[in-house]
Amino acid sequence: MHHHPLMPAAWIAAALACVLPPLATAQDIPRKSITMVVGFAPGGGADTAARLIARKLSENLGRPVVVENKAGAGGNIAHDLVARAEPDGATILLGSIGPLAIAPHLMKLPYDPARDLAPITMGVNFPNVLVAYAGLGVKTLNDYIEMARKHPEKMSYASTGAGSASHLAGELLNQRAGVNIVHVPYKGGAPAMVDLLSGRVASYYSTPSSAQPHIETGKIVAIATTGLKRPAFMPDVPTIAESGIPGFNATNWYAFVAPGKTPAGILDRWNEEIVKVLKDPDVSAQLIKHGLTPDPMSREELARFIASESATWGAIIKERRITAQ
């Protein structure tokens, strides 16, 4: 077969011209250590999810993925940090419902989540579980609401900070049950749990994984879970919705986001990598064991989900005249 001497080189050049740009954009996660920022102290639900996912990502990418805890202000400090980070794909954030969908309605933030943080994929979601100090003597949601009506001075609920999912779950219950249980904000789930176990605070909307060991020892009582259906890992605990407050739904979620100006090619690549990890049977089983449901989705689906959550909680905040205090 006769070759034109220039053909192979021309073909190669043409082929490379077609192939290289998409490859380059798709592969753009920097070849350096990756930082995964989390807005809460070690030991809580967010931190657990981040560490399980980071370990597998690191294995798949062949470089370190370091989890960095930047606790404080209900997660807002971490979100602000990542909003200002270099948009080169080396910094990602396991963001949370508070700063992404609640805090913007409560306070003036130094960043705008919709503009300064770019959605990658949902990470995990789960209901919280309303737990009460055993010494309070309440077993059911009815008992709990009765106690709030008769002895308001005994009643309080802890949260992981103003504008967190646990704060808003409590406000939603106050609204729907017509009670006024006092909110006590903490810097994270671990310190909230310490005060609950000693009875310094009466109740807490906890992540199931943090509550489980103490429910088993009988130090705290599981009253109800906050999602629309009972989670697989707490089948015996009723939902608030089935305990007399129909339609009650306040789930907690952690989603991956990046600095707002991160190029689309890098975001696509991160979506692909994180979705792969969330679908990994091993990682998925470990997350579920901790009461965290993996929920991989597209970048667009996450953007729509955050917008709808923001609308829901914005309305409650307005109606309840909730402030950041």
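See the structure above.
None of these values were measured; they are calculated from a predicted model.

**Looking at the pattern of salt bridges**
Inspection of the entire model under this criterion finds 15 salt bridges. Of the charged contacts, one joins R84 and D80 as a salt bridge, the two residues approaching to 2.9 Å between their closest N and O atoms. Taking the shortest distance from any N to any O, the salt bridge between R320 and E171 comes out at 3.2 Å. With a gap of 149 residues between them, R320 in helix 12 (residues 299–320) and E171 in helix 7 (residues 165–177) connect regions that are remote in the sequence. Classification of R320 as partly exposed rests on a relative accessible area of 26%. Using a relative accessible area of 11% as the deciding quantity, one classes E171 as buried. In the salt-bridge network here, residues are joined through shared partners; they are K56, E59 and D280.

**A few points about the environment of T140**
Among the structural elements, T140 can be located in the loop between strand 5 (129–133) and helix 6 (141–150). The exposure class assigned to T140 is partly exposed, which follows from its relative accessible area of 38%. Measuring from C-alpha to C-alpha, the distance between T140 and V221 comes to 9.0 Å, with 81 residues separating the pair along the chain.

**Notes on unusual backbone geometry**
Even without being a glycine, R321 presents a positive backbone phi close to 50 degrees. Relative to the assigned elements, R321 resides in the segment after helix 12. The class of R321 is exposed, set by a relative accessible area of 73%.

**Topic: the sheet that holds strand 1 (residues 34–38)**
Ordered by their spatial adjacency, six strands build an open sheet running 2-1-3-10-4-11, and the pairing between neighbours is mixed. Every other strand in the sheet has two partners, leaving strand 2 (65–69) and strand 11 (293–294) as the edge strands with one partner each. Of the strand pairs in this sheet, strand 1 and strand 3 (residues 91–96) are connected by four bridges, and their pairing is parallel. When the bridges of strand 3 are listed, V37 appears paired with L93. Of the strands in this sheet, strand 1, strand 2, strand 3, strand 4 (117–127) and strand 10 (251–259) touch helix 2 (residues 45–61), which is tilted by about 160 degrees from strand 2.

Reading guide: rules and limits
- Residues numbered from 1 in each chain as written.
- Predicted model: local features only at pLDDT ≥ 70, side-chain atom pairs only at ≥ 80, totals over all residues.
- Heavy atoms only, no water.
- Salt bridge = Lys/Arg side-chain N within 4 Å of Asp/Glu carboxyl O.
- Helix = DSSP H or I, 4+ residues; strand = E, 2+ residues; numbered from the N terminus.
- Buried < 20%, exposed > 50% of the residue type's maximum accessible area, 1.4 Å probe, protein only.
- Pairing = 2+ DSSP bridges.
- Contact = heavy atoms within 4.5 Å.
- Axes fitted to C-alpha atoms, helices over the stretch in contact; angles between N-to-C directions.

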